[in-house]
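Given next are the chains, with one letter for each unit.
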Amino acid sequence: MSRTGLAAALFASAMLTAASAPAQEQPASGVPATITAPAPSAPALNAPAAPAAPVGAAAPAQPQAGAGTAAEPSTTPALTLPHDLSPWGMFMAADIIVKAVMIGLAFASLVTWTIWLAKSLEVLAGKLGARRAARAIGNAATLKQASHALGRNGGTGALLVRAAEEEAALSAGALDHAGGDGLKERVASRLSRIEAAAARRMSRGTGLLATIGSTAPFVGLFGTVWGIMNAFIGISQAQTTNLAVVAPGIAEALLATAMGLVAAIPAVVIYNVFARSIAGYRQILADASAGVERLVSRDLDFRTVAPATALAAQ
């Protein structure tokens, strides 16, 4: 290639380079480029998280479902122990059946102490009168002396002496023919009946003590069972085993049991005391009756003695 051709080729290349530079700059300056908006997509995983609330800060309020929606009430009842757990308070809060049981047991206890007071005075007076009569009979030499010593006393000892005198007077016409054995038997029979009647009279009321002592614990147990049944019913109705539901019924049940024991224990003790006291009273009457029989036997023996000796004995 000649120098002229090389120069022409370089010149043509320079011209082409100069012409292509304005053509590339024209779209950037003259025609605005179309900007494609990014399509919406899920938030980037690397996006910064919201700042966490401090530990002591209150939680943000949740939006309510509606302006007029009220808060839903709690279905669990507010259970509290009763404030008055005294015996009177438990009695007033008890079921009608438990109340009837308690009233019956209280009445039985009142009857027990009334019998104790009345019977104690009666047994004491009976023992004093029987001892006085037995002493007078023991110091007398004849039946007539014993009758004078006792006078018109209304005690059982005086009744024994009068019964022997009456039987001796009724049998006076037959003594010279039949002897005194029949009189002794008849006197002993009447005296034994008088003793038995006095013992029955003194024992009146003690049978009621025995009844109260034997039945009161079972009556209290009935109140206990009824109170426990009410406690279980309260548990089933409240659908809870809270102590506030169970405690009142159990307390009422235990109160009924306690009242049953309060009525039964004194009744049993007082009954045993009276049983021993009445046995002692009967023993004193037996001593007086034996003294009367001795006086009758002595009088029968003195019937065969001369009148002067009989008067000296009197």
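Residues numbered from 1 in each chain as written. Predicted model: local features only at pLDDT ≥ 70, side-chain atom pairs only at ≥ 80, totals over all residues. Heavy atoms only, no water.

(A) How the structure looks around a nonpolar patch on the surface. On the surface, Trp 113, Trp 116, Leu 117 and Leu 121 cluster together to form a nonpolar patch covering roughly 440 Å² of accessible area. Checked against the element boundaries, Leu 121 lands in helix α3 (residues 96-139). By relative accessible area, which is 55% here, Leu 121 ends up exposed. (Patch = residues over 30% accessible without salt bridge, like charges linked within 9 Å, V, L, I, M, F, W, Y side chains within 5 Å. Areas by Shrake-Rupley, 256 points an atom, 1.4 Å probe, with all protein chains shown as cover. Salt bridge = Lys/Arg side-chain N within 4 Å of Asp/Glu carboxyl O. Helix = DSSP H or I, 4+ residues; strand = E, 2+ residues; numbered from the N terminus. Buried < 20%, exposed > 50% of the residue type's maximum accessible area, 1.4 Å probe, protein only.)

(B) Quick look at a positive patch on the surface. A surface patch of like charges, here positive, comprises Arg 193, Arg 200, Arg 201 and Arg 204. Relative to the elements of secondary structure, Arg 201 occurs in helix α7 (residues 181-203). (Lys, Arg positive; Asp, Glu negative; His and termini not counted. Charge placed at Lys NZ, Arg CZ, Asp CG, Glu CD.)

(C) Representation of the packing of aromatic side chains. All chains considered together, the criterion is met by two aromatic pairs. Pairing Trp 113 with Trp 116 gives two aromatic rings, centres 5.8 Å apart and planes at 80 degrees, and the pair type is edge-to-face. With a gap of three residues between them, Trp 113 and Trp 116 both fall in helix α3, about one helical turn apart. Considering the side-chain rings of Phe 222 and Trp 226, the 6.1 Å spacing of their centres and the 40 degrees angle between planes classify their relative orientation as tilted. Highlighted residues: Phe 222 and Trp 226, both in helix α8 (residues 206-238), separated by four residues, approximately one helical turn. The exposure class assigned to Trp 226 is partly exposed, which follows from its relative accessible area of 28%. (Phe/Tyr/Trp six-rings, centres within 6.5 Å; stacked < 30°, edge-to-face > 60°.)

(D) Representation of the environment of Ile 97 in the model. On the secondary structure map, Ile 97 appears in helix α3. Looking at Ile 97, the relative accessible area reads 30%, which means it is partly exposed. Setting aside anything within four residues of it in sequence, one finds Ile 97 in contact with Phe 222 and Trp 226. (Contact = heavy atoms within 4.5 Å.)

(E) Examining the packing of α3 against helix α4 (residues 143-150) more closely. At a closest axis distance of 8 Å, the pairing of α3 and α4 adopts a crossing angle of 145 degrees. α3 and α4 meet at a crossing whose hand is right-handed. Note on element contacts: α4 touches α3 through Ala 146, Ala 149 and Leu 150, opposite Ala 133, Ala 136 and Ile 137. Looking at side-chain class alone, the contact of α3 with α4 contains six nonpolar, no polar and no charged residues. (Axes fitted to C-alpha atoms, helices over the stretch in contact; angles between N-to-C directions. Left-handed = near helix turned anticlockwise from the far one by under 90°. Nonpolar A, V, L, I, M, F, W, Y, C, P; charged D, E, K, R; others polar.)

(F) How the structure looks around the pattern of salt bridges. Scanning the entire structure with this criterion turns up four salt bridges. Note that Glu 167 and Arg 190 form a salt bridge whose closest N and O atoms lie 3.4 Å from each other. Placement of the pair is Glu 167 in helix α5 (residues 156-170) and Arg 190 in helix α7, with a sequence separation of 23 residues. Residue Arg 190 is classed as partly exposed on the basis of its relative accessible area, which comes to 29%. Beyond isolated ion pairs, a larger network of salt bridges with shared partners links Glu 166, Glu 167, Arg 186 and Arg 190.

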